[in-house]
Amino acid sequence: MSRPAHGVDPVGDARVVAVLDHAAQLINPALDLVAADPLGLKARTFGRDPDLGWDAGFSDWSFADLFEHHRLLEHLRDLAARLLDAACVPGTAAWARADRRSRAHWWVRRAGGWGAVVVAAPGVLGPLAKRLPLQDLLAVANQALMLVAVAREFGVTDRGVQVEMLAAVLFRREIDQREIVPVHALPIARDDVAVPARPFPTLRTVWATSRAVRAIPDELDKRPRPAAVYRWLGHLPLMGALADYAGERGAAVAAGESGRRWIEENTGAELVPEPAVRAP
């Protein structure tokens, strides 16, 4: 159990656990959707030579294809599939070939970086944005999503263990998963747990998670934060968004590394890269 300074804990482990349990309940289904393939584009990445670039096959195009609706759509689908594979998006052949560490790195550097754009967006308002808790709410939600994704890559799928990790990394609280209470036991902001199969499921989940963590505002300052220089530059109008992006991306990387260490020390998960398996 955590030991707050001066023996006073205005929030309490039970409330933090309830909020983080709800966050993990939102995040896990959204991560499943990231690997989904509703348009069948990712399936097209399998069976092609991985050494070919994303633009391979352009030589097969002809001017006449522009007037043949079916062939044009096929070319565009192939192009979209190649772009997804080049970006190593979950569910593609490139993702299937990647080892655990590479996948975790993708969630931290790429997905965490995209989330940093959302977190930094209010920075265009400069000091006005700093008077509001919106950026901290979004940052905590973005880091929580990234951490759960990393944990899943190393086989940590138990929601109780995920909550323990989130509490340790985001709020510096050492808790026991046996203390987890039902999410409905405390009055926290709730969205539907079921995540609809719509575009950008992670962005929607970051927003829903940010609503949940509003219930524990006193904890937000404990999260991995940008370096002091970025926080100072973030008070400048317009430029503040760029500084916030750079700072939040660095904070996401720091959170990812802390999460990796926590997993290694507390779960016994195998962090040594597994041999890459070539997709069929």
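Before reading further, recall that the structure is shown in the block above.
The structure presented is a predicted model; accordingly, all values stated were derived computationally and were not measured.

A.B. asks: An account of the overall build of the chain is needed here, citing residue identities and associated values.
C.D. replies: For the chain, the count of helices and strands is 10 helices and zero strands. Taken from the N to the C terminus, the helices and strands of the chain come in the order α-α-α-α-α-α-α-α-α-α. Taken over 280 residues, the chain has a buried fraction of 45%. The long-range fraction of contacts in the chain, counting pairs at least 24 apart against all pairs at least 6 apart in sequence, stands at 74%. Entry remark: accessible area of the chain is about 14400 Å², with carbon and sulfur atoms responsible for 59%.

A.B. asks: Can you lay out the packing of helix α4 (residues 100-120) against helix α6 (residues 134-153) for me, pointing to particular residues and giving the numbers?
C.D. replies: Relative orientation and spacing of two packed helices are given, respectively, by the angle between their axes and the distance between those axes. Interaxial distance between α4 and α6 falls to 9 Å at its minimum, and their mutual angle equals 165°. Relative to α6, the element α4 is oriented roughly antiparallel. In terms of crossing hand, the pair formed by α4 and α6 is right-handed. Counted together, R100, R103, A104, W107, V108, A111, G112, G115, A116, V118, V119 and A120 of α4 and Q135, L138, A139, N142, M146, A149, V150 and E153 of α6 form the full contact between these two elements. Along the lines of polarity and charge, the residues of the contact of α4 with α6 split into 13 nonpolar, four polar and three charged.

A.B. asks: An account of the packing of aromatic side chains is needed here, citing residue identities and associated values.
C.D. replies: Summed over the entire model, instances satisfying the criterion amount to four aromatic pairs. On the numbers, 6.2 Å between centres and 85° between planes, the contact of W95 with W107 is edge-to-face. One end of the pair, W95, is in helix α3 (residues 93-97); the other, W107, is in helix α4, and 12 residues separate them in sequence. A relative accessible area of 4% places W107 in the buried class.

What counts and how
Residues numbered from 1 in each chain as written. Predicted model: local features only at pLDDT ≥ 70, side-chain atom pairs only at ≥ 80, totals over all residues. Heavy atoms only, no water. Helix = DSSP H or I, 4+ residues; strand = E, 2+ residues; numbered from the N terminus. Buried < 20%, exposed > 50% of the residue type's maximum accessible area, 1.4 Å probe, protein only. Contact = heavy atoms within 4.5 Å. Areas by Shrake-Rupley, 256 points an atom, 1.4 Å probe, with all protein chains shown as cover. Axes fitted to C-alpha atoms, helices over the stretch in contact; angles between N-to-C directions. Parallel < 35°, antiparallel > 145°, perpendicular 65-115°, else oblique. Left-handed = near helix turned anticlockwise from the far one by under 90°. Nonpolar A, V, L, I, M, F, W, Y, C, P; charged D, E, K, R; others polar. Phe/Tyr/Trp six-rings, centres within 6.5 Å; stacked < 30°, edge-to-face > 60°.

The analysis is restricted to geometry; functional conclusions fall outside its scope.
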